[in-house]
Amino acid sequence: DVKVTQSSRYLVKRTGEKVFLECVQDMDHENMFWYRQDPGLGLRLIYFSYDVKMKEKGDIPEGYSVSREKKERFSLILESASTNQTSMYLCASSYSFGDQPQHFGDGTRLSIL
Amino acid sequence: GQNIDQPTEMTATEGAIVQINCTYQTSGFNGLFWYQQHAGEAPTFLSYNVLDGLEEKGRFSSFLSRSKGYSYLLLKELQMKDSASYLCAVNGGYQKVTFGTGTKLQVIP
């Protein structure tokens, strides 16, 4: 079974802090994704990566950056956290061939105070 | 641009059948996913439709009409554990998947 693991389930940080969210997958998937999920807005794509060291902006990349140094690990970085980045963050991964479904982690509920 | 519409909430009775609709207007279309998400949990894959028609998988079926920009998820013999949000997502190609806002289904006894 595919396992996508996010480093924290709940996280509380302060405005202006640099925040790192980590995601690891164990299925050798080429693609990895970061979403945020907000009530009434659904899942919105922040960034995705289709290979090591490769990244593409999603729909809402402002205020975020990502890092993919190893195939199994994809990090989301909030450069200077703000209160409007309080949200549920979901990581996902998938194979690149064909139209493969994404497999999601359990999410990190991040609160910025 | 991408526009995906689903009803926000639905209520149905245990043992009944419910149909959750999804309409989309997207700049690219390779196929349509349905995911289930229980409260506080990760979304899990239910189905993927590429061609027009109905695909059945146990109690769950998914239908697609590409010409109408329309899909639905049909849940039969509803169980209490089916209470969850159901997310419709369009595969626009190039690994780009756009999600609808989800339909929260409540199953009542």
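Here the structure is a predicted model, which means the values were calculated and not measured. (Residues numbered from 1 in each chain as written. Chains lettered and ligands numbered in written order. Predicted model: local features only at pLDDT ≥ 70, side-chain atom pairs only at ≥ 80, totals over all residues. Heavy atoms only, no water.)

Draft legend 1. View of the interface of chain A and chain B. At the junction of the two partners, chain A supplies 22 residues and chain B supplies 19 residues. Summing both sides of the interface, chain A and chain B together bury roughly 1,600 Å²; the carbon and sulfur share of this comes to 54%. On the chain A side of the interface with chain B, the three residues burying the most area are Leu-43, Asp-99 and Phe-104 of chain A, jointly 31% of the side's total. There are 1 salt bridge connecting chain A and chain B. Residue Asp-59 of chain A is joined to Lys-96 of chain B by a salt bridge in which the shortest nitrogen-to-oxygen separation is 3.2 Å. The tally of links from chain A across to chain B stands at 6 residue pairs in polar contact (both at pLDDT 80 or more). Elements with a minimum of two residues in the side of chain A that touches chain B: β4 (31-38) and β5 (42-49) of chain A. (Contact = heavy atoms within 4.5 Å. Buried area = accessible area lost by both parts, 1.4 Å probe. Salt bridge = Lys/Arg side-chain N within 4 Å of Asp/Glu carboxyl O. Polar contact = N/O pair within 3.5 Å; in protein donor to acceptor, adjacent residues only side chain to side chain. Helix = DSSP H or I, 4+ residues; strand = E, 2+ residues; numbered from the N terminus.)

Draft legend 2. How the structure looks around the sheet that holds strand β6 (residues 53-57) of chain B. All names here are of chain B. The 5 strands lie next to each other as β1-β3-β8-β7-β6, forming an open sheet whose pairing is antiparallel. One side of each edge strand has no neighbouring strand; the edge strands of this open sheet are β1 (2-5) and β6. Along the sheet, successive strands turn relative to each other by an average axial angle of 15°, direction set aside. Strand direction decides the pairing type here: β1 and strand β3 (residues 18-26), joined by 4 bridges, are antiparallel. The partner of Gln-2 across the bridge, within β3, is Thr-26. (Pairing = 2+ DSSP bridges. Axes fitted to C-alpha atoms, helices over the stretch in contact; angles between N-to-C directions.)

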